[in-house]
Amino acid sequence: MRKKRSGWVTAVFGGQFGDEGKGKIVDYLSQKADIVVRYNGGDNAGHSVSNQFGDFKISTMPTGTVSGVTGQVQVIGNGTVLNIISLTKELQYLEDKGIDLSNIRLYIDKASHLIMPWHIAHDKLEEERRKKHSNIVGTTQRGIGPAYADKYQRVGFRTGDLLNYEDFAWDFTKTYYYKAKLFRGLYETEYAAKGPNVELQELKAALDYLASKFGNLDNLICDTPPILWRAIDKGQNILLEGAQGALLDIDRGTYPYVTSSATGIAGASQGSGIPAADITERIMVVKAYMSRVGNGPFPTRASLYDEEKLREAGQEYGTVTGRPRNCGWFDAISFKYAAQLNKPTGIAVTRLDILDEFIIIGIREREEGIDHAYGWGLEKRVRGLRNWNLLPDRAKDLCNRIVGNYRLKYVSTGPSRDETIVAPKNRK
Ligand code: GTP
Ligand code: IMP
Ligand code: MG
């Protein structure tokens, strides 16, 4: 009997505060994937991808959408929260960028939760309220927290509910008035501006658009784990794509300055329906320095001068919100914590080239603080290098210090797919 080909299931997740460059690494790995699954978060995420098909910013769709791999399946998993209006806009944007949607094989898990108009309103109102107490989270205001709150309160709408549109519309209208009453009482604000019918029409238009692009909605919105289980049985390759990062994890991040989902390896299993035991590779993505957008602790935040320089060199502005990101140095202590939680089988170090602009860089390896004595240099640039042996010794040394006892797998030296080094196992 022929031996069955055994495929891989690789989860890619962030090891810092998000924006580590997961999009870039997922795009690189998606070249050999049969299925790409988004497992957490929603349109708060902003993955940037540059490959031979163009430069893309993707929020809701799995990054595989722009992989160019024929027949690859894209799945929006049960752990995500979905705004179908912004999904529609994203698909139109991708079409404008030359992506032929008729080639995209998309499945949306029917158990994923919907981000409703009132969730977005609630997110904004809550941030306004917190502002008065100076403990604003700095959310992306996409309704992420309120949508997950309704999920856990067991009062949310699931994507599968859309399949029975008449019941959905009825529940939508009831909930609309309920939320309007809630907001009036709690925030003394009039929410019911548009009225439920206008909001419903917008949702219906989004649904009609999805049906026009992907055919029967019963096909598009379905129970996705069996698709994944079958693929594993057949020996196919599955890429699980995380959003945000370990330090923004709802349980283990810098609560309350976190997002509302499980960002790491546990979320990859829970949010996709793939048993944890079937996840064969766990790739944790970290930048060679750090950034944080939104509020919360950031022990390695750089001095004003260096922060500004990192922000400009790295163009560190939010993909979704355009907000300037706070910037700082690599924190080996929080790295160890993120690694302890997720036990990565490999590390991808990104944006090494941004440090080309610096003579002195910082790194925090001891509780006491940032070590600035680490000399860098401008004499040999890293940008675009594709071979480990070509890296200057200082860059190699920094990579080794970043990963410590974990295995360095990829080094990214630029935003493009091909600006990637696969680190040799026995490297110097
Ligand atoms: P979230 O899901 O929002 O957390 O985002 P992400 O991890 O996918 O990262 P995001 O795309 O928001 O930010 C990373 C940015 O760095 C993007 O603009 C990428 O194009 C870019 N990028 C990724 N790797 C590299 C690299 O090695 N060098 C340079 N210069 N840019 C890179
Ligand atoms: P929310 O996810 O919109 O509720 O935002 C909660 C926190 O997570 C805020 O600090 C956001 O800035 C941060 N956040 C959410 N999504 C991302 C992301 O994709 N990259 C970086 N930070 C994010
Ligand atoms: Mg991002």
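Numbering of residues starts from 1 in every chain and runs along the sequence as written. Naming scheme: in the order in which they are written, chains are lettered from A and ligands are numbered from 1. Reporting in this predicted model follows two pLDDT cut-offs: at least 70 for local features of residues, and 80 or more for side-chain atom pairs to be given and counted; totals over whole chains, interfaces and linings ignore these cut-offs and use all residues. Excluded from the side-chain calculations are hydrogens and water; all other atoms, namely the structure's heavy atoms, are used.

With that settled, consider the domain arrangement of the protein chain. The split into domains, and so the bounds of each, comes from an automatic or database assignment of domains. Domains assigned within the protein chain are domain 1 (9-109 + 223-422) and domain 2 (113-220). One C-alpha centre belongs to domain 1, the other to domain 2; they are set 28 Å apart. Buried area is a sum: the accessible area each of two parts loses on coming together, probed at 1.4 Å, counted once for each and added. Summing both sides of the interface, domain 1 and domain 2 together bury roughly 2700 Å²; the carbon and sulfur share of this comes to 61%. When the buried surface of domain 1 facing domain 2 is broken down by residue, Val81, Ile84 and Ser260 rank first, second and third, together holding 21% of it. Any Lys or Arg side-chain nitrogen located within 4 Å of an Asp or Glu carboxyl oxygen qualifies as a salt bridge. On inspection of domain 1 and its partner domain 2, the count reaches one salt bridge. Between Lys213 and Glu95 there is a salt bridge; the shortest N-O distance is 2.9 Å. Distance and chemistry together define a polar contact, namely a pair of N or O atoms within 3.5 Å, with one atom able to donate a hydrogen and the other to accept it when in protein, and with adjacent residues in sequence counting only for side-chain atoms on both sides. Taken together, domain 1 and domain 2 are joined by eleven residue pairs in polar contact (both at pLDDT 80 or more).

When a protein is soluble and globular, its nonpolar side chains tend to lie buried together. We call a set of buried residues a nonpolar core when its members are Ala, Val, Leu, Ile, Met, Phe, Trp, Tyr or Cys and they connect through side-chain atoms within 4.5 Å of each other. Between buried and exposed lies partly exposed: a residue is buried under 20% and exposed over 50% of the maximum accessible area for its type, with that area taken using a 1.4 Å probe on protein chains only. Of all hydrophobic cores here, the largest spans 54 residues; its most connected members are Ile35, Ile238, Leu240, Leu352, Leu355 and Leu398. By definition, residues are in contact when any of their heavy atoms lie within 4.5 Å. Setting aside chain neighbours within four positions, we find Leu355 in contact with Ala288, Tyr289, Leu310, Trp329, Ile361, Trp376 and Leu398.

The next subject is the pairing of strand β11 (residues 281-287). Of all seven residues making up β11, six are buried, and the element is well covered by its neighbours. We treat two strands as partners when DSSP finds at least two bridges between them. By the criteria applied, helices consist of DSSP H or I runs no shorter than four residues and strands consist of E runs no shorter than two, each listed in order from the N terminus. Pairing geometry for strand β1 (residues 9-14) and β11, over five bridges, is parallel. When the sheet's bridge partners are listed, Ala11 is paired in β11 with Arg282. As judged from the five bridges shared by β11 and strand β14 (residues 346-350), these two strands associate in the parallel manner. By the bridge assignment for β14, Ile283 is matched with Gly346.

So, about the site of ligand 2. By convention in this text, a residue qualifies as near a molecule or strand provided that one of its non-hydrogen atoms is within 4 Å of it. Close to ligand 2 lie 17 residues; Asn44, Thr140, Thr259, Val293 and Arg323 are nearest. Note that a nitrogen atom of ligand 2 is positioned 3.1 Å from one of the side-chain N or O atoms of Asp19. In the model, an oxygen atom of ligand 2 is placed 2.6 Å from a nitrogen or oxygen of the Thr259 side chain. The accessible surface values rely on the Shrake-Rupley method and a 1.4 Å probe; as for residues, cover is taken only from the protein chains in view. Protein burial of ligand 2: of its 470 Å² of free accessible surface, 97% is covered by the chains.

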